Amino acid sequence: MNSDKPKILVTRRLPASIESRMATLFDCKINEADKALTGADILAGLDGRDVLVSTITDRIDAELIGKLPDSVRLIAQFGNGVDNIDLEAAWAAGLTVTNTPSVLTEDTADMATALMLALPRRLVEGTQILLRDRTWAGWSPTSMLGHRLRGKALGVVGMGRIGTAVAHRARAFGLSIHYYSRQQRPLAVETPLGARYWDNLDAMLEEVDIVSLHTPLTRDTHHILSAERMALMKPGAYVVNVSRPELLDEAALIERLEADLLAGAALDVFDNSNGINPRLLALAEKGSVVLTGHMASATLEARIEMGEAVIVNIRAFMDGHQPPHRLLPDKLLARAARA
Ligand code: 8YV
């Protein structure tokens, strides 16, 4: 049956309330199997559709964009990061791209902070030992000693929305706040945090006890925490990553952790292209790594708000308005800033 509702392809299952709202507003095709789609699946599913509702598990590169049916005019990403989409190719093809910023900031910051606490206080290890031994020998003055957070220095890499929200939480735990960002943030951001800006990441890494990565993944930030930079960090330092695996050199991180040249890492994102690296799992068993599977924004509340943002973006676009969360390629933004 033909309908004049916008025709959308949703590449993953979304919360029930969002799916049912979408079904009311749009002619929806949903990937019921909820398995990551291949490029060929996406192209087949998009036949005659106006909108692709994508997620981080869809690789929307220049090649795929070049093959999209002419009917497709909008890529409405369910997510904040859009490193899975070639924004320049989309722009060149006349496609509009939107995302869902802001609504996952606080949840993501909560998780980064939880991981920051879990590492020095050996939270996961403490639970794992009890589950493994099924018994507890009782309290002793020297058992399960971790390290105090208060008084340590946090180095935030990428002081955007999420980095700033993490810094506020860390401040409440008594950490001093340092940050590296492309641009220094205004005093209104820095002052309440007592934050110190570093325009040189290498110099900041030498000073801080915890490094938390909050920059988006771009060509410039790939391996921003490189082997060379990790070598600048204190041996007692920790790394937290809730952003994208490619921000750090995972092989180098593993080597340093194995050699006790870093104290620990909490990774909500890691290379899973050939499964989880067994050396990472061994470190997690030993307690120097905490691993979670891209859960930082995984609250029902965030997912519903993300879904609502997708709906608003689609509706605005289909009604001929500028969608609230439209994204432009970096090149264009830089040109606009210079104009
Ligand atoms: C989301 C994320 O869960 O929004 C992002 O950029 O990294 C996540 O926290 C995921 O991307 C949903 O598409």
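In the block above lies the structure referred to throughout.
Residues numbered from 1 in each chain as written. Predicted model: local features only at pLDDT ≥ 70, side-chain atom pairs only at ≥ 80, totals over all residues. Heavy atoms only, no water.

## Re the nonpolar core
Stated formally: Put simply, buried Ala, Val, Leu, Ile, Met, Phe, Trp, Tyr and Cys residues joined by side-chain atoms within 4.5 Å make one nonpolar core. Think of it in three bands: residues with accessible area under 20% of the maximum for their type are buried, residues over 50% are exposed, and the middle band is partly exposed, with areas taken using a 1.4 Å probe on protein chains only. In this description a helix means any DSSP run of H or I spanning at least four residues, a strand means any run of E spanning at least two, and both kinds are numbered starting from the N terminus. Segmentation of the chain into domains, including their bounds, is taken from an automatic or database domain assignment. Contact between two residues is taken to exist if any of their heavy atoms lie within 4.5 Å; hydrogens are not considered.
Ranked by internal contacts, the top residues of the largest apolar core, which has 48 residues, are Ile8, Met22, Val53, Leu154, Ile210 and Ile314. The element that contributes the greatest number of residues to this core is helix H13 (residues 300-318), accounting for 6 residues. In this structure, this core is formed jointly by two domains, domain 1 (7-101 + 299-332) and domain 2 (105-291), each of which donates at least three residues. In contact with Val53, other than residues within four places in its own chain, are Ile8, Leu9, Val10, Thr11, Ala76, Phe78, Val310 and Ile314. Formed by 30 residues, the second largest nonpolar core is a distinct cluster that contains Val157, Val211, Val239 and Leu253.

## Observations concerning the site of the ligand
Our working definition: Nearness here has a simple test: a residue counts as near a molecule or strand if at least one of its heavy atoms is within 4 Å of that partner. Polar contacts, as used here, are pairs of N or O atoms within 3.5 Å; protein pairs need one atom able to donate a hydrogen and one able to accept it. Residues neighboring in sequence count only if both atoms are side-chain atoms. Only the protein chains shown count as cover for residues, and all accessible areas are computed by the Shrake-Rupley method using a 1.4 Å probe. Only Asp, Glu, Lys and Arg are considered charged in this grouping, and only Ala, Val, Leu, Ile, Met, Phe, Trp, Tyr, Cys and Pro are considered nonpolar; every other residue, Gly among them, is considered polar.
Every residue lining the ligand is accounted for by Thr55, Ile56, Phe78, Gly79, Asn80, Gly81, Leu104, Arg244, His294, Ser297, Arg303 and Met306. Contact between the ligand and His294: an oxygen atom at 2.9 Å from a side-chain N or O atom of the residue. Note that an oxygen atom of the ligand is positioned 2.6 Å from one of the side-chain N or O atoms of Ser297. Protein chains shield 90% of the accessible area of the ligand, which is 330 Å² for the free molecule. Of the residues belonging to the shell around the ligand, the class tally is 4 nonpolar, 6 polar and 2 charged.

## Things to note about the environment of Asp133
Among the structural elements, Asp133 can be located in helix H6 (residues 123-133). Judged by relative accessible area, which is 34%, Asp133 ranks as partly exposed. Reaching out from Asp133, the side chain makes a polar contact with the side chain of Arg132 at a distance of 2.8 Å.

## Re the layout of surface pockets
Test applied: Here the term cavity refers to a set of points on a 1 Å grid, laid over the protein atoms alone, in which a 1.4 Å probe fits but cannot get out; the term pocket refers to an open set having protein on both sides within 12 Å along at least five of seven lines, with lining residues being those that place an atom within 4 Å of a point. Grid points are joined across faces, edges and corners, and a volume is the space filled by probe spheres set on the points.
Computed from the structure, the second largest pocket encloses a volume of approximately 300 Å³. Along its surface, the second largest pocket is lined by 14 residues, and Gly126, Leu130, Trp136, Ser143 and Met144 are the ones closest to its centre. Its residues assigned to classes, the lining of the second largest pocket shows 7 nonpolar, 4 polar and 3 charged.

## Quick notes on a nonpolar patch on the surface
In plain terms, the rule: Like charges within 9 Å and nonpolar side chains (Val, Leu, Ile, Met, Phe, Trp, Tyr) within 5 Å are joined into patches, using only residues over 30% in relative accessible area that form no salt bridge. We count a salt bridge whenever a side-chain nitrogen from Lys or Arg sits within 4 Å of a carboxyl oxygen from Asp or Glu.
Together, Leu130, Trp136 and Trp139 line one region of the surface with nonpolar side chains, adding up to about 450 Å² of accessible area. Here Trp136 shows up in the loop between H6 and strand E6 (153-157). Accessibility expressed as a relative area gives 60% for Trp136, which makes it exposed.

## Brief notes about the packing of helix H11 (residues 250-258) against helix H12 (residues 278-286)
So the rule is basically this: Geometry is summarised by axes, namely lines fitted to C-alpha atoms with helices restricted to the contacting stretch, and by angles between N-to-C directions that run from 0 to 180 degrees. Reported orientations rely on four angle classes, namely roughly parallel under 35 degrees, roughly antiparallel over 145, roughly perpendicular from 65 to 115, and oblique for the rest. Handedness of each helix crossing follows the sense of rotation of the near helix against the far helix: counterclockwise by less than a right angle gives left-handed, clockwise gives right-handed.
Put simply, H11 and H12 touch, their axes get as near as 10 Å, and they point 40° apart. Taken together, H11 and H12 sit at an angle that is classed as oblique. In the crossing of H11 with H12, the sense of the turn from one axis to the other is left-handed. Of H12, the residues touching H11 (which contributes Glu250, Ile254, Glu255, Leu257 and Glu258) are Arg279, Leu280, Leu283 and Lys286. Considering only residue class, the contact of H11 with H12 consists of 4 nonpolar, no polar and 5 charged.

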